[in-house]
Structure formats: structure tokens, C-alpha cells
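Each chain, letter by letter, is given below.
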Amino acid sequence: MNNIVVIANLTIKEEFLTLVYEALVRLHKMTNENDKGCISYKLHKDISRENSYTFIEIWENEEALKLHTQKEHFQEFTHFIDGKIVDMSVKKLEEIAL
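Residues numbered from 1 in each chain as written. Predicted model: local features only at pLDDT ≥ 70, side-chain atom pairs only at ≥ 80, totals over all residues. Heavy atoms only, no water.

### Focus on the packing of aromatic side chains
Next up, step 1: A full pass over the atoms with the stated rule returns 3 aromatic pairs.
Next up, step 2: Their ring planes at 35 degrees and their centres at 4.7 Å tell us that Tyr41 and Phe55 sit as a pair that is tilted. Of this pair, Tyr41 sits in strand 2 (residues 38–45) while Phe55 sits in strand 3 (residues 52–59), placing them 14 residues apart in sequence. Summarising the burial analysis for this pair, Tyr41 and Phe55 share the class buried. (Phe/Tyr/Trp six-rings, centres within 6.5 Å; stacked < 30°, edge-to-face > 60°. Helix = DSSP H or I, 4+ residues; strand = E, 2+ residues; numbered from the N terminus. Buried < 20%, exposed > 50% of the residue type's maximum accessible area, 1.4 Å probe, protein only.)

### Quick word on the UniProt feature "domain: ABM" (unreviewed entry) in the protein chain
Next up, step 1: UniProt records the feature "domain: ABM" (unreviewed entry) for residues 4–93 in the present numbering.
Next up, step 2: Helix makes up 40% of residues 4–93 and strand 38%, whereas the separation of the span's terminal C-alpha atoms amounts to 6 Å. (UniProt positions renumbered as here; feature names shortened; annotations may be inferred.)

Given below as C-alpha cells:
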């Protein structure tokens, strides 16, 4: 099976920018330290929008990604951002090995 690539974009409500940014940093740290099957998990800031961030993730397989979404740190993050973001989009891609 090929690697799974996730591109997760979120736009934070202005009044929650600092709080959600800190939660993004915690999620990044906890995922990189604790989630097996995580090849790469990087946080990026949109240079044209102050309140927009993107995670670009690479996972060994679908199972590793599924386990990540069940981890306590991921669940806490998803509950924490409820009502604090403008929008969020997640693309899940299968890497084509050429």
C-alpha cells in the first residue's frame, strides 16, 4: 500500500488566533512524538492570511492515519477548536509511487 498524504487547512476566528495556534503547536508536538506510522507531520502558515494554517502530513498507510485520529491528543484538539474556526478542509490523498 502507498503512503497516505493529508492536507488539512483551517482558518481561525480572529479572537481565537493565539489560543488555536498554541493548540496547533501542541498537536504537532504530540503527533510527532507519539504517533507510529507518521512519516511527516508539518505545520505551515499561509503567508497571505494571518489566521490560516495548513498541516501537510504523510502516513505509512490508512491504518496509521486512523489510529492518529483516535489518539487522545487529536481528539482533544478537535473538541478544543469547535466554535473557534471559520472553516476547515481536509484532503486525503494516496501517494502514487512512480
